[in-house]
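Per-entry structural report
What follows is the residue order along each chain.
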Amino acid sequence: MLIRTEGIVLRSTPYGEADLIVSFITRDEGLVQGFAKSPRKVRSRFGAALEPLTCVRLGLMGKESSSLLRVTQADIIESFHRLRDDLPTLVSLGPLVDLVRTLLHEREPHPRKYELLVAGFRAMEQNIPSRPVILMCLIIKFLWMCGYGPRVSACGRCGAAFSGDFAYFFPEYGSVLCQSCRITGAGRALRIGQETVRFFGEARSRTFTELLGYLPAEEVLREARKLIDGHGAHMCGGRCRPGLEIPAVAASPSEPWN
Amino acid sequence: MSLGIVENLIAELSKLPGIGRKSAQRLAFFIMTMSKEEARGLAAAILELKERAGFCQQCFNITDTELCPVCRDPGRDASRICVVEEPSNLVVIENTRSYRGLYHVLLGSLSPLDGLTPERLKIRELLERVARGGVEEVILATNPNTKGEATAQYLASLLKPMQVRVSRIAYGLPIGGDIEFADEVTLTKSLEGRREI
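Let us now look at the sheet that holds strand β3 (residues 77-84) of chain B. All names here are of chain B. With respect to topology, four strands assemble into an open sheet ordered β4-β3-β5-β6, the strand pairing being parallel. The strands lining the two open edges of the sheet, one partner per strand, are β4 (101-105) and β6 (165-168). Mean inter-strand twist for the sheet, computed between neighbouring axes without regard to direction, equals 25°. Pairing geometry for strand β5 (residues 137-140) and β6, over four bridges, is parallel. Following the sheet pairing, Leu-140 is matched in β6 by Arg-168.

Next comes the structure, spelled out in structure tokens:
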């Protein structure tokens, strides 16, 4: 069976002397694992097409039931190499890649989620100052599209709308809980302000183009980051690493970051 | 003759990278045609490598002495250190005979999408070497892929404040290749890194 589709390289693992096992999110087949012969050789026909985050036109060959297909063709559509070239951005994309690999299933088509990721990467590549905001909005949109979006505007138990200056988000519930619905043993709560609640609404409803001029306060970003980290870790059963923050590269050898 | 011993050898040789069952079978039958002395020599060389090989105390190249032959050579330019990911990369650069400086082997690379883990690599040892003085240039010759590039960027951020010149090996088209078959990223990088002639 020959499959022709588009995909984004999520991760590649060296195998043998010069081969790679590559995982893709594809438009028509969902998550796919592929085996590529000799892409690590200097004169490989794959070139840079199997580097992480690259959007490629794919040719995959294998049995319908096979969990590992042979990559016969990979032509670059958009390389997104500017995202890879910036180390802090690349590191900050790691948790998103974890989420995609954890929340989606193999061989289930996800064209809308695929389009969302391509649009998000495109916006991040073109707008360096807005990268942290775009990345966070991309994750929020992706979580909502997968049905795992954090509920911040209303209580997750009684549905009462958010009121007051602060709300308390419980990662175990994936939602904020109002005063009367909070019960003992609901787990650790994260306090978020009104502005952060508004930010989640904007992130979900605005397009990436509309988000370009939108710069929330540092405090809002910090709260949103904590919430997404806690929520993502809970949704993925601890398989996602926290760290959506785009870190600065260390200024001196005494302060390495990891 | 029991074929079990041949099967054993084929199974063991198949464990080597790039050796499938067919190649292993070919090698096994070739070993059978070797003289006893030659076969003993091969077996002894493998055992000796496993028993005596270790890492150079200074650059982490593979060696059977405290310092590797490159670090011991007084004719090498000690003001230049070429940083590579694996000892096999060092061998390839040495084969060019166009570099006369010293090396530093990191024994791996950073994986940015899996979180950076610089403590696994010989980065602290490199910084200590540079801090001891006498180094004017560090050449970052990590692989031209995402992991290698991330490692180079990370090292550059640590080395630049130490007042040494930090350079990166050039990107570009392979010699003997044809531009028609080059991918967009390689061509972009080679255009960015063009030089006047």
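Taken domain by domain, chain B comprises domain 1 (3-52) and domain 2 (68-168). Here the C-alpha centroids of domain 1 of chain B and domain 2 of chain B sit 35 Å apart.

In this section: the packing of helix α2 (residues 87-103) of chain A against helix α3 (residues 111-126) of chain A. All names here are of chain A. Between α2 and α3, whose axes approach to 14 Å, the crossing angle comes to 175°. Our classification of the angle between α2 and α3 gives roughly antiparallel. Across the interface between the two elements, Thr-89, Leu-93, Leu-96 and Val-100 from α2 touch Leu-117, Phe-121 and Met-124 from α3. Looking at the contact of α2 with α3 residue by residue, the class counts come to six nonpolar, one polar and no charged.

The next thing to look at is the pattern of salt bridges. Residue and element names in this part refer to chain B. The tally for this structure, following the rule as stated, stands at 21 salt bridges over all chains. Note that Lys-15 is salt-bridged to Glu-12, the shortest N-O span being 3.2 Å. Under the relative-accessibility criterion, Glu-12 is labelled partly exposed at 47%. In this structure, a network of salt bridges that share partners links the residues Asp-77, Arg-80, Glu-137 and Arg-165.

The rules behind the values
- Counting starts from 1 at the beginning of each chain's written sequence and moves along it residue by residue.
- Here chains are named by letter from A upward and ligands by number from 1 upward, in the order in which they appear as written.
- Reporting in this predicted model follows two pLDDT cut-offs: at least 70 for local features of residues, and 80 or more for side-chain atom pairs to be given and counted; totals over whole chains, interfaces and linings ignore these cut-offs and use all residues.
- Values shown for side chains rest on all heavy atoms present in the structure; no hydrogens or waters enter the calculation.
- In this scheme, strands are said to pair when DSSP sees at least two bridges between them.
- Runs of E in the DSSP output that reach at least two residues are strands. Runs of H or I that reach at least four are helices, and both are numbered from the N terminus.
- An axis is simply a line fitted to the C-alpha atoms; with a helix, the fit covers only the stretch in contact. Between two such axes, the angle follows the N-to-C directions and lies from 0 to 180 degrees.
- Domain extents, as shown, originate in an automatic or database domain assignment.
- Throughout, the term roughly parallel applies to angles under 35 degrees, roughly antiparallel to angles over 145, roughly perpendicular to angles from 65 to 115, and oblique to all others.
- For this analysis, residues touch if any pair of their heavy atoms sits within 4.5 Å.
- Residues were grouped as follows: Ala, Val, Leu, Ile, Met, Phe, Trp, Tyr, Cys and Pro as nonpolar; Asp, Glu, Lys and Arg as charged; and all remaining residues, including Gly, as polar.
- Any Lys or Arg side-chain nitrogen found within 4 Å of a carboxyl oxygen on Asp or Glu counts as a salt bridge.
- Three labels apply to residues, based on accessible area from a 1.4 Å probe with only protein chains included: buried if under 20% of the type maximum, exposed if over 50%, partly exposed otherwise in between.

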